[in-house]
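Structural overview
These are the residues of each chain, in order.
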Amino acid sequence: MIRYDYQSPIGILALVANEEGLTGLHFENARHGGPPEDARAGANSFIDEARRQLDSYFAGKRRDFDLTLRPQGTPFQQQVWAALRRIPYGVTKSYGQIAAEVGAPQASRAVGAANGRNPIAVIVPCHRVIGANGSLTGFGGGMERKRFLLALEQSDALIACA
């Protein structure tokens, strides 16, 4: 495992990759998990491409990520993370909507737990999931980061529609 600390507008993001793809994007002081202790500092082609695409995203020039991702999780978590990747830029969905999409309409809480364990934040856009009443709910990277990411995407989406 290789780790690279990426300086972003929302703080340091630890990018983690192996020889198969990007396995993690972790917030500094995140609530759940973090980069593996045995990850050595460095970079590889997966990290280099993630850095380029994140630069473009934070500059408001990229709406979709095209990266080789290798998140580790249960089959249910994998389903939820795949559903997160289908949420369009500038759009939010509720936990219940995601639960219905993965075929488990009564599993809103399980979706919330899987969302909270997303190992590749931002790129797998867990920040786009909100409460059923439209409220901003918990976020492993902190509510300030969630607000920033949603505001970035909302302002870019509004500009694109103008």
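Just so you know, these numbers come straight off a predicted model, no measurement behind them.

With that settled, the discussion passes to the overall build of the protein. Assigned secondary structure in the protein consists of 5 helices and 6 strands. When the helices and strands of the protein are listed from N to C terminus, the series reads β-β-β-β-α-α-β-α-α-β-α. Taking 15 Å as the expected radius of gyration for a compact globule of 162 residues, we find that the protein reaches 15 Å, a close match to that expectation. With the principal axes as the frame, the protein shows a C-alpha extent of 40 × 40 × 25 Å. Counting only residues that meet the buried cut, the protein has 44% of its 162 residues in that class. By element, 50% of the accessible surface of the protein is carried by carbon and sulfur atoms, the whole surface being about 8,200 Å². Side chains of the protein give 18 positive and 15 negative charges; the mean places of these two sets differ by 6 Å.

Turning our attention to the packing of aromatic side chains. Evaluation of the coordinates by the stated rule reveals 5 aromatic pairs. For the ring pair Tyr57 and Phe58, a centre distance of 5.2 Å and an interplane angle of 70° mean the geometry is edge-to-face. Owing to a relative accessible area of 0%, Tyr57 belongs among the buried residues under this scheme. By way of ring pairs, the aromatic residues Tyr6, Tyr57, Phe58, Phe65 and Tyr89 are connected into one cluster. When the ring centre of Tyr4 is taken as origin, the NZ or CZ atom of Arg51, which lies over that ring, is 4.4 Å away.

Turning our eyes to something else, we now look at the sheet that holds strand β4 (residues 40-41). On the basis of which strands lie adjacent, the open sheet formed by 4 strands has the order β3-β2-β1-β4 and mixed pairing. The open sheet terminates on both sides in strands that have one partner only, identified here as β3 (22-27) and β4. Across 2 bridges, strand β1 (residues 2-8) lies against β4 in parallel orientation. Note that in β4 the partner of Arg3 across the bridge is Ala41. Against the sheet, helix α1 (residues 45-58) contacts β1, β2 (11-17) and β3, and its axis sits at roughly 15° relative to β1.

As paired elements, β1 and β2 share 7 bridges and run antiparallel to each other. Across the sheet, Arg3 pairs through a bridge with Val16, a residue of β2. Between β1 and β2, which pair antiparallel in sequence order, lie 2 residues.

The final tally for this structure, using the stated rule, is 6 salt bridges. Its salt-bridge partner being Lys93, residue Glu101 comes within 2.4 Å of it at the nearest N-O pair. One salt bridge connects Arg128 with Glu153, and the closest N-O pair in it is separated by 2.7 Å. Linking Arg128 in the loop between α4 (108-116) and β6 (129-130) with Glu153 in helix α5 (residues 143-161), this pair joins segments that are 25 residues apart in sequence. As far as burial versus exposure is concerned, Arg128 and Glu153 are alike and both buried.

Conventions we followed
- Residues numbered from 1 in each chain as written.
- Predicted model: local features only at pLDDT ≥ 70, side-chain atom pairs only at ≥ 80, totals over all residues.
- Heavy atoms only, no water.
- Helix = DSSP H or I, 4+ residues; strand = E, 2+ residues; numbered from the N terminus.
- Rg over C-alpha atoms; globule rule 2.2 N^0.38 Å.
- Buried < 20%, exposed > 50% of the residue type's maximum accessible area, 1.4 Å probe, protein only.
- Areas by Shrake-Rupley, 256 points an atom, 1.4 Å probe, with all protein chains shown as cover.
- Lys, Arg positive; Asp, Glu negative; His and termini not counted.
- Charge placed at Lys NZ, Arg CZ, Asp CG, Glu CD.
- Phe/Tyr/Trp six-rings, centres within 6.5 Å; stacked < 30°, edge-to-face > 60°.
- Lys NZ or Arg CZ within 6 Å of the ring centre and 35° of its normal.
- Pairing = 2+ DSSP bridges.
- Contact = heavy atoms within 4.5 Å.
- Axes fitted to C-alpha atoms, helices over the stretch in contact; angles between N-to-C directions.
- Salt bridge = Lys/Arg side-chain N within 4 Å of Asp/Glu carboxyl O.

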